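# Descriptive structure summary
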Amino acid sequence: MGLTITEKILKEHALNFTEYGGFKSLKVKVDQTLTQDATGTMAYLQFEALGVKRVKTKLSVAYVDHNTLQAGFMNADDHRYIKTVAKKYGIYYSKPGNGICHQVHLERFSVPGEVLIGSDSHTPTSGGIGMLSFGAGGFDVACAMAGLPYEISPFKIVKINLKGELKPFVSAKDVILKILQMLTVKGGVGRIFEYSGEGVRSLSVPERATITNMGAELGATTSIFPSDEITREFLAAQGREKDWKPLAADEDAKYYETIEVDLSSLEPLVACPHSPDNVKTVKELEGLKINQVCIGSCTNSSLTDMMKVSYILRGNKVYEDVDLVISPGSRQVLTMLSRNGFLSDIIDAGARVLECACGPCIGMGQSPKSEGVCLRTFNRNFYGRSGTKDASIYLVSPEVAAFSAIKGELSCPLEKDFNFTIFKTPEKFVVNDNMICPPATEEEAESVVVEKGPNIKSFPVAEEFEESFKAKVAIKVEDNITTDHIMPAGAKILPYRSNIPFLSQFCFEVVDPNFSKRAKEFKRSIIVAGINYGQGSSREHAALVPLYLGVRIVIAKSFARIHKANLVNAGILPLTFEEEKDYEKLKEGEELLAENLKETLNKERKVIFKTENNSKIITNCDLEKEQIEIVLKGGLLNHIKKSEFNKLSKN
Ligand code: MIC
Ligand code: SF4
């Protein structure tokens, strides 16, 4: 039987690759890692705690792209720490201003057929080049840098068969918005999406990367495209043709399911507040008055995206009531726009050009006005993420964003007005890696001092579970709670990503501003949640901060993959209701008691809670045996310190 692309890569990388299809959890050898600054500080503190002398990967890169405002010493301290720790331990460091991690990684480092894990949920962007890439918590990335395999939870491989070609003005963003409309934000849970079919040939590498990037919004384990002639041309234009290798699924490869998408039938789409799967056609909402348009983010900030925007803006003026801000994805993109003259059209039209960084996508500036209506080419429009709680954020393609910025209202571009066929991947990109600092050699590393300013605080480590567990429910939340709800980001809070005690004041702030105080009073507590708890960002702060506040168990209807792994690493037990209707029975402030917790967990993978009025709540635990050990010991650090497999990575 033939193999899928994923299986071909896993065959070479998984330590326990034994069967086809229906994969149980697999341990995978990691070739490359990436971190960004907002998750990187914690990941490197954890890496240091592992006590390894130098990274064991083929390549590891530390990016600074999320938090680049440097209001106060906090960011600067974080950047300095990341720079020095990278230098000492064998990691490349991409300076602030060099670009968004996923865009730069795609341009300069991604390799088809290899495995990448990154402490950011949009790491699957590199799937656009045929690299098997996973978003993960910082601790998992730290472990991969220390040479330990990465464990992928069970998954099924789904084929997305692309037919036909996109019409002008319909873009890669519309492809993934269509899939989000079809499958919803939980439709990808436990799935790896492989793109194939004749439609693949019509998509450039950055367009493919837009699609794999937003696979994160489907909750997918990852998404991947084949590596073909178009991939080769892209790599050759980056001066990296030697990194290319062809990769495609075998004709008779077997998939769990096939989903057909006819590219030629698509039209411009828009994701409405407050979820990326709340998708309508632009036509349906045409005429919606807007005050702000933001173009950029790791989803839509490639050279071609920016050139299309510039082409639409050429000779036009941004509407008086609209602020248009544009962040090119990388310095390479910005340099090329400035050399080919397209930047002038953007500036002439009245757009504000921001730094090559995440910027407004993570709420670092550009919060909309009260009740503002904003179009963004980003990937997430979760409630409160923009920094303005009553703002309405709509997600669209760069073409729709630019066209609407001129009109002052959501508008559907017309085919007859423009000709986009001129935008091809250039034959040669401008390559200048002078903002990427190489690591010290092994000899030099001895004398490199890792600088930890006062903003760098240590991370909490849990205690071992005892046989019986008694705690109160500190909060009960709905379905689809994101890690942005649990641990918000934004300009006010992001500078404290390496300071858990400070961050803890803001935990669940958008849902319940009293949570932090209450959880502290309870000392030890439980979170009760609905479906898909912890979707979205990979930030392990959404586990570490609740831990710091005393949370030791989360009982949910279901969990998002990365967050569940982060809970385990932190020493918080993720459990699911045996009977979903039991969710209704639990209320905030109620005390629950689980006698024989360890015993029932180990023997039956169950924990049975007694409520205050003596009713029983049965919960299940679908963790692997080793993961249960990790949680019971109080998290991954305790487990690694005590376990044999520590020896694997030392020296
Ligand atoms: C995001 O888009 O939410 C982030 C900010 O990039 C996060 C990582 C983080 O919270 O630092 C992600 O996607 O994982
Ligand atoms: Fe940065 Fe936004 Fe991409 Fe997250 S989604 S990596 S914040 S650009």
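Everything below is about the structure shown above.
Below or above, wherever it landed, is the structure these notes cover. Treat the numbers as computed from the prediction; the structure is a model and nothing was measured.

Taken together, 14 residues sit near ligand 1, with Asp120, Ser121, Arg385, Ser538 and Arg539 positioned nearest. Within the side chain of serine 121, an N or O atom sits 2.5 Å from an oxygen atom of ligand 1. Side-chain polar atom of arginine 385 to an oxygen atom of ligand 1: 2.7 Å apart, as the coordinates give it. Calculation on ligand 1 without its partners gives an accessible area of 330 Å², and the protein chains cover 97% of this total. Its residues placed into classes, the shell around ligand 1 shows two nonpolar, seven polar and five charged.

What follows covers the pattern of salt bridges. Across all of its chains, the model carries 29 salt bridges by this definition. For aspartate 250, the salt bridge identified is with lysine 8, shortest N-O distance 2.8 Å. Of this pair, aspartate 250 sits in the loop between helix 8 (229-237) and strand 11 (257-262) while lysine 8 sits in helix 1 (residues 5-13), and the two are 242 residues apart along the sequence. The exposure class of aspartate 250 is partly exposed, given its relative accessible area of 31%. With a shortest N-O distance of 2.6 Å, aspartate 512 and arginine 518 are connected by a salt bridge. A relative accessible area of 13% means that aspartate 512 is categorised as buried.

This brings us to the sheet that holds strand 8 (residues 156-163). Read from one edge to the other, the open sheet built from four strands follows the order 10-9-8-11, with strand pairing classed as parallel. Strands at the two margins of the open sheet, each flanked by one partner only, are strand 10 (222-224) and strand 11. For this sheet, the mean angle separating the axes of adjacent strands, direction not counted, is 20 degrees. Note that strand 8 and strand 11 share six bridges and pair parallel. Counterpart to isoleucine 160 in the pairing with strand 11 is isoleucine 259.

Below, the discussion takes up the site of ligand 2. All residues in the neighbourhood of ligand 2 are listed as His66, His102, Asp120, His122, Ser297, Cys298, Cys358, Cys361, Ile362, Asn379 and Arg385. Of the residues belonging to the shell around ligand 2, the class tally is four nonpolar, five polar and two charged.

A word on the nonpolar core. Counting 113 residues, the largest nonpolar core has Phe508, Tyr533, Ile553, Leu573 and Phe609 as its most contacted members. Setting aside its immediate chain neighbours within four residues, isoleucine 553 contacts Phe465, Phe469, Ser525, Ile526, Ile527, Ile572, Leu573, Leu575, Leu597 and Phe609. Ranked by size, the runner-up nonpolar core spans 59 residues in total, among them Val282, Ile290, Val293 and Ile295.

Each value, and the rule that gives it
- Residues numbered from 1 in each chain as written.
- Chains lettered and ligands numbered in written order.
- Predicted model: local features only at pLDDT ≥ 70, side-chain atom pairs only at ≥ 80, totals over all residues.
- Heavy atoms only, no water.
- Near = heavy atom within 4 Å.
- Polar contact = N/O pair within 3.5 Å; in protein donor to acceptor, adjacent residues only side chain to side chain.
- Areas by Shrake-Rupley, 256 points an atom, 1.4 Å probe, with all protein chains shown as cover.
- Nonpolar A, V, L, I, M, F, W, Y, C, P; charged D, E, K, R; others polar.
- Salt bridge = Lys/Arg side-chain N within 4 Å of Asp/Glu carboxyl O.
- Helix = DSSP H or I, 4+ residues; strand = E, 2+ residues; numbered from the N terminus.
- Buried < 20%, exposed > 50% of the residue type's maximum accessible area, 1.4 Å probe, protein only.
- Pairing = 2+ DSSP bridges.
- Axes fitted to C-alpha atoms, helices over the stretch in contact; angles between N-to-C directions.
- Core = buried A, V, L, I, M, F, W, Y, C linked by side-chain atoms within 4.5 Å.
- Contact = heavy atoms within 4.5 Å.

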